[in-house]
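So you can see what is in the structure, the chains are spelled out below.
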Amino acid sequence: MTAWEDSRVPETADLTQDVRDRLKEIWEEKPGLLGWISSVDHKEIGKRYIVTAFALLIVGGIEALIMRLQLAGPERRLLSPEAYDQLFTMHGVTMIFLYASPVLSGFSNYLWPLLLGSRDMAFPRLNALSYWIYLAAAVFLYAGFVVGHGPDDGWFNYVPYASREYNPAFNIDIYALGLILLGISTTVGSANFVVTFLRTRCPGMSINRVPILTWGTLTASVGNILAVPSVSLAFFLLWMDRQFGTHFYDANQGQPLLWQHLFWMFGHPWVYVVVLPAMGMVSDGLPTFCRRPLVGYTPVALATVTTMALGFGVWVHHMFATGLPNLALSFFSGASIAIVIPSAVAVFAWTATIWTGRPRITTPFLFFAGMIVLFVIGGVSGFMTASAPLDWQLTDTYFVVAHLHYVLIGINVFPVVGGLYYWFPKFTGRMLDERLGKWNFWTMFVGFNVAFLPMHLLGVMGMPRRVYTYPQGMGWTATNVVVSLGAVLFAIGVLLLLINVAVSLKRGRIAGDNPWGAPTLEWATTSPPPPYNFAVIPSVASRHPLWEDALGESTARSRIDHGLLLDRGRETIATSPLDAEPNLILEMPADTPAPFLLAVGLTGIFAGAAGHWWWLSGAGGALLVLALLMWFWPRRMHADEPEAEPAHV
Amino acid sequence: MSEAVYQGAPLPVGARRRNSVGWWGMLCLIATEASLFAYLLFSYYYIAVQRGKAFAPNPHPSMKLSGPNTIILLASSVAVWWGEEGVKKGRKGQHLTGLGAGILLGVIFLIVQMFEWKAKGFGPTSGSYGSLFFTVTGFHMAHVIAGVAILSAVWIWSALGYFNQRRHAPVSIASIYWHFVDAVWLAVFFTFYVSPYLMW
Amino acid sequence: MSSAFPQEHPSPHRGAVKVWVLLFALAAGPAGWVAQLLLGYGLSSYACYPSSEPRLTSPPPGWSAEHLILLVINVACLALALGGLFVALGSWRRSRKEKEGGALDVGEGRTRFLALCGVLTGLLFSVAIGFDTAPILSVPACWRMAG
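Here the residue index of a chain counts from 1 through its sequence in written order. Key to labels: chains lettered from A, ligands numbered from 1, both in the order written. Confidence filtering applies because this is a predicted model: local features only for residues at pLDDT of at least 70, side-chain atom pairs given and counted only at 80 or more, and all residues used for totals across whole chains, interfaces and linings.

Break down the overall build of chain A for me, with residues and values.
Assigned secondary structure in chain A consists of 20 helices and 6 strands. The atom set for the radius of gyration is the C-alpha atoms, and the globule formula is 2.2 Å times the number of residues raised to the power 0.38. Taking 2.2 N^0.38 as the reference for a compact globule, 649 residues should give roughly 26 Å; the C-alpha atoms of chain A span a radius of gyration of 25 Å, in line with that estimate. Expressed as lengths along the three principal axes of its C-alpha atoms, the size of chain A is roughly 80 × 65 × 50 Å. The burial label depends on the number of other C-beta atoms within 10 Å of a residue's C-beta. Counts of 20 or more mean buried, 12 or fewer mean exposed, and intermediate counts mean partly exposed, with C-beta atoms placed from the backbone. Expressed as a percentage of its 649 residues, the buried residues of chain A come to 61%. Helix and strand labels come from DSSP, where a helix needs a run of H or I of at least four residues and a strand needs a run of E of at least two; each type is numbered from the N terminus.

In structure tokens form, the structure reads like this:
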């Protein structure tokens, strides 16, 4: 053990096997179940997030397929109205809350420290906590559904449908408490991303040199920190109304529209939370396959941030049909239309990158390029409904269903699947199969458009959303058959992905460190990366550390093979927020079960509240306090540490 | 290759006040909690405006307890600030006395708040005003309880000698949270006790 | 202070433009936009819903100057956004030679990166305020009676 030090000049070293061995010993996870539960490695947590989110994507997809079976013909009775309500609600809840954002958290958790040239996130234990609460919230939200009492008023959960008067069973209470629980996971995860971005970038990585993905996730995280309290509060007040007879949302004393305000003040920023990091994946992935840097880094990075800023001022466009005054609506119409500008900046930047590059048509490229097409379609239908008079015509019809699926599947699922093809070699050391991958892309792309493009037409023909069936003779039948067939084709595409993953995990081609010839730091380490990521901390001199020689943009060169050593325990470097100048040696925490215990305690509190089993809440609370003490208990100072400041050096 | 990548001054090891990542994490927590209270107060003003005069309690809420209680809470912030100055200067007595006084004043605030709740002639279910009053002040009291708990843990660790002049990030982090809880009270106090005089 | 890196510092011109100047340049546009949105929304709603009873005619009594007030607010907020743009342009001029290469594409130089972000932010939010000013000139305040 080295002596206690107040400060030191960090040693630098060359990247050698000896250094690797020493760091492996320090950073390796303990074996066994306790080791698994206690892991705080961002890569481990990232993989857990991705696997869990994909499992829930499949569950939500199966729910959608059952609904499409019901809607394939008029007057079908496969599902009762009650069952259909639960199914479309759980489909929305699953996809929007349990898949779309967590899967991006998974990618970002895995990739961020690698992209930033660091050894872990700023708060590794918080990272583990975020995952465990997410898992608990997913189980919690499905607990009602499996006993036949799932949430059934849509994911937007409007009062008075969701008031106790009209929905007396515990369906909605589960939803309310489950979402508050999930909100805690999202918030702690977001705080972690923000501090990681500001403080743990490797030396030289000033904010104009970070990959766009980190801009996307940073923006989403700041959005979450400001917006999630709104929905948590909305659900808490609803739960109070339902359980304790308060009067927030009742029409006689409170105001039902308060729900819609609080819900959409959160809801619209959330839309950008689930797309901006995915857009970042495209911005970082496309250049690799176009063999040139992204066109317009600065405007694209800024478009990411300003989209979120504008996104905080558009919530009333979800409320155009609630009878608010004309002029009040038009402010939000104007703001919604303004969002077209940063969105278009991104689209033109991607198109120009492809246009002026030398594209290699790989599977990830196809998914990223396909996303651009779907984004334009979804963006135009969004622009249309941003206009209040047109929205009055189209609201609550299938047109809006088409729009939101173009946006969410187009800008989230396509980039995520593309991202999986792109980074799978980094995660596992093996490539996904390219031939199957192209089949995978075209099946999903054609299936998606066959399923969702005709929905615009159904909406214009007046078919309302959220109906469990429709009568004969409305002229909707043939189109609905096409939609259902498209849904099946899309599902086959997702199945091809799963087959590809299953086969390639065992038999995929060995990838090597940088199979795509990509420019960013995650490709500078091995595939999969060692527990410590980088044996010596890189220092970067440009935005494309691995392309500097090829581009010859400037004379400065990044250093990968020589850098800060930091090997006295789990250490990494902390840097200044703007220019990434080293200013602190960070002591990183060891593996610990405290996050897991804290999540269990928290879940106990919420489960107790759901059933009014207050003893359970009390036990959960006690466990929570114990876990917190275990977490925050300060480390005993070294025996040789002086009590007072020594005379100044 | 032997030239050193890093040629700067020695770097501090581990947690330092503004430099520590914990400090930045606390600022994130404060940002999200401040948003929570912004949404709570939005709910109050929104329903107040929508429901008009009938919503307001009659007569206007009294400041007999809440006024002095506000001063108690502000005094606790001063005490905690003084205690933090103590640890920075290596004066253990001032450090423990300041934090201890802050905790004590926080507890007094909570006790007075319970009397304030009892003195109200309405409950959380007797109308939307009551629902808002008890929910918003309840949320604030929960934050005071959390703040007292955090300060108490830090006080105990301080007494056990974990922190000193050179290593006191947790003291600073707990203090900034406490100041935040007090600042939020000013917004809550203005909303419930002052704004009725201005609105109606 | 001696260099912390073997490479050149990422923002050689950081001394030429103060960080708080850049922060103002970045924040002025969004701040102006948020202010006019919230004030405009609040006032225009309250004009028609002073309590839970909606008014169906316009303008409501005492609110005949509403459009003018909203216009003044928007012009003031536009001035703030343009002020941010102006400051950003100044910062940009002082830092544009920070590093070799074009700022849009190569984009090296952290100071000029932020200055350019300020210019683009100022432009975007000025346009966004413009989008919200157009309806003040053309949209009636409240609902009109059908017929």
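So what's going on with the overall build of chain C? Residues and values would help.
Secondary structure summary: chain C contains 3 helices and 0 strands in total. For chain C, the succession of helices and strands along the chain, N to C, is α-α-α. Taken over 147 residues, chain C has a buried fraction of 47%.

Before we move on, could you go through the interface of chain A and chain B and cite the residues and values that matter?
Two residues qualify as a contact pair if the distance between their C-beta atoms, derived from the backbone, is within 7 Å. On the chain B side, the residues contacting the 51 residues of chain A number 41 residues. For the side of chain A that touches chain B, the leading source of residues is helix H7 (residues 212-244) of chain A, giving 8 residues.

Describe the packing of helix H3 (residues 42-71) of chain A against helix H17 (residues 477-507) of chain A, with residues and values.
All names here are of chain A. Lines fitted to C-alpha atoms define the axes, with helix axes restricted to the stretch in contact, and inter-axis angles between N-to-C directions lie between 0 and 180 degrees. Interhelical geometry of H3 versus H17 gives an angle of 155° and a closest axis separation of 9 Å. Overall, the two elements H3 and H17 adopt an arrangement that is roughly antiparallel. Here H3 runs over H17; the crossing is left-handed. The residues of H17 that touch H3, namely those facing Gly61, Ala64, Leu65, Arg68, Leu69 and Leu71, are Asn480, Val483, Ser484, Ala487, Ala491 and Val494. Should an angle lie under 35 degrees it is considered roughly parallel, over 145 roughly antiparallel, and from 65 to 115 roughly perpendicular; all remaining angles are considered oblique. Throughout, a crossing is termed right-handed when the near helix is turned clockwise from the far one, and left-handed when it is turned anticlockwise from it by less than a right angle.

Describe in detail the nonpolar core, supporting the description with residues and values.
With 308 residues, the main nonpolar core has Ile133, Leu181, Val194, Leu238 and Leu262 of chain A together with Leu151 of chain B as its most contacted residues. When residues of this core are assigned to their parent elements, the largest contribution, 20 residues, is made by helix H4 (residues 81-116) of chain A. Once you skip the residues sitting within four places of it in the chain, Leu238 of chain A turns out to touch Val159, Ala162, Ala176, Tyr249 and Trp259 of chain A. Nonpolar cores are built from buried Ala, Val, Leu, Ile, Met, Phe, Trp, Tyr and Cys residues. These are joined into a set through C-beta atoms within 7 Å.

Tell me about the pairing of strand S5 (residues 571-575) of chain A, and please be specific about residues and values.
All names here are of chain A. For S5, the buried fraction is high: 5 of the 5 residues fall into the buried class. Note on pairing: two strands pair once DSSP finds at least 2 bridges between them. Here S5 pairs with strand S6 (residues 582-587) via 5 bridges, running antiparallel. Along S6, the bridge assignment pairs Ile573 with Ile585. Turn length for the S5-S6 hairpin, with the two strands adjacent in sequence and antiparallel, is 6 residues, and the turn residue Ala580 shows positive phi of about 55°.

Describe the environment of Val17 of chain C, naming the residues involved and giving the relevant values.
Residue and element names in this part refer to chain C. With respect to the helices and strands, Val17 occurs in the segment before helix H1 (19-48). In the structure, Val17 is positioned 50 residues away from His67 in sequence and 40 Å away in space, judged by C-alpha atoms. Setting aside its immediate chain neighbours within four residues, Val17 contacts Leu22, Ser91, Arg94, Ser95, Thr111 and Ala115.

Give a description of helix H2 (residues 66-88) of chain B that names residues and reports values.
Residues and elements named next belong to chain B. Here, expected helix span is obtained from the residue count minus one, scaled by 1.5 Å. With 23 residues, H2 extends 33 Å between its outermost C-alpha atoms, agreeing within 8% with the 33 Å of an ideal straight helix rising 1.5 Å per residue. If you check which residues of H2 are buried, you get Asn69, Thr70, Leu73, Ser76, Ser77, Ala79, Val80, Gly83, Glu84, Gly86 and Val87. Contacts from the buried residues of H2 go to helix H3 (92-119), helix H4 (128-159) and helix H5 (169-199). Of the residues one or two after H2, Gly90 is the one with positive phi, at around 75°.

Explain the confidence of the model for chain A to me, and be specific about the residues and the numbers.
Any region with low pLDDT has predicted coordinates that should not be read closely. The pLDDT averaged across chain A works out to 94; a share of 97% of its residues lies at or above 70. pLDDT is defined as a per-residue confidence score from the predictor, taking values between 0 and 100. Contacts for the low-pLDDT stretch residues 644-649 of chain A, under 50 throughout, to residues beyond four places or in other chains number 5 contacts.

How would you explain the environment of Ala321 of chain A if you had to name every residue and give the values?
Residue and element names in this part refer to chain A. Position of Ala321 among the secondary structure elements: in the loop between helix H10 (297-311) and helix H11 (326-338). Classification of Ala321 by C-beta neighbours within 10 Å gives partly exposed; the count is 14. Counting along the chain gives 75 residues from Ala321 to Asp396, while the straight-line C-alpha distance between them is 9.6 Å. Excluding residues that lie within four positions of it along the chain, Ala321 makes contacts with Trp392 and Thr395.

Can you lay out the sheet that holds strand S3 (residues 537-539) of chain A for me, pointing to particular residues and giving the numbers?
Residue and element names in this part refer to chain A. In spatial order, the strands read S2-S4-S3; together these 3 strands make up an open sheet with antiparallel pairing. If you trace the sheet from one side to the other, it starts and ends with strand S2 (12-14) and S3, each paired once. Within the sheet, the average angular offset between the axes of one strand and its neighbour, ignoring direction, is 50°.

How would you sum up the confidence of the model for chain C? Please name residues and give values.
With 82% of its residues at a pLDDT of 70 or more, chain C has an overall mean of 84. Predicted as a complex, the structure gets a pTM of 0.95 and an ipTM equal to 0.95.

Outline unusual backbone geometry, supporting the account with residue identities and numerical values.
In terms of backbone geometry, most residues other than glycine have negative phi values and most peptide bonds are trans. Residue and element names in this part refer to chain A. Residue Pro160 follows Val159 across a cis peptide bond; omega there is 0°. In this fold, Pro160 is placed in the loop between helix H5 (124-146) and helix H6 (171-199). Residue Pro528 is bonded to the preceding Ser527 through a cis peptide linkage, with omega at -15°. Relative to the assigned elements, Pro528 resides in the loop between H17 and S3. With a phi angle near 55°, Glu75 is a residue other than glycine that sits in the positive phi range. Examined against the element boundaries, Glu75 turns out to sit in the loop between H3 and H4.

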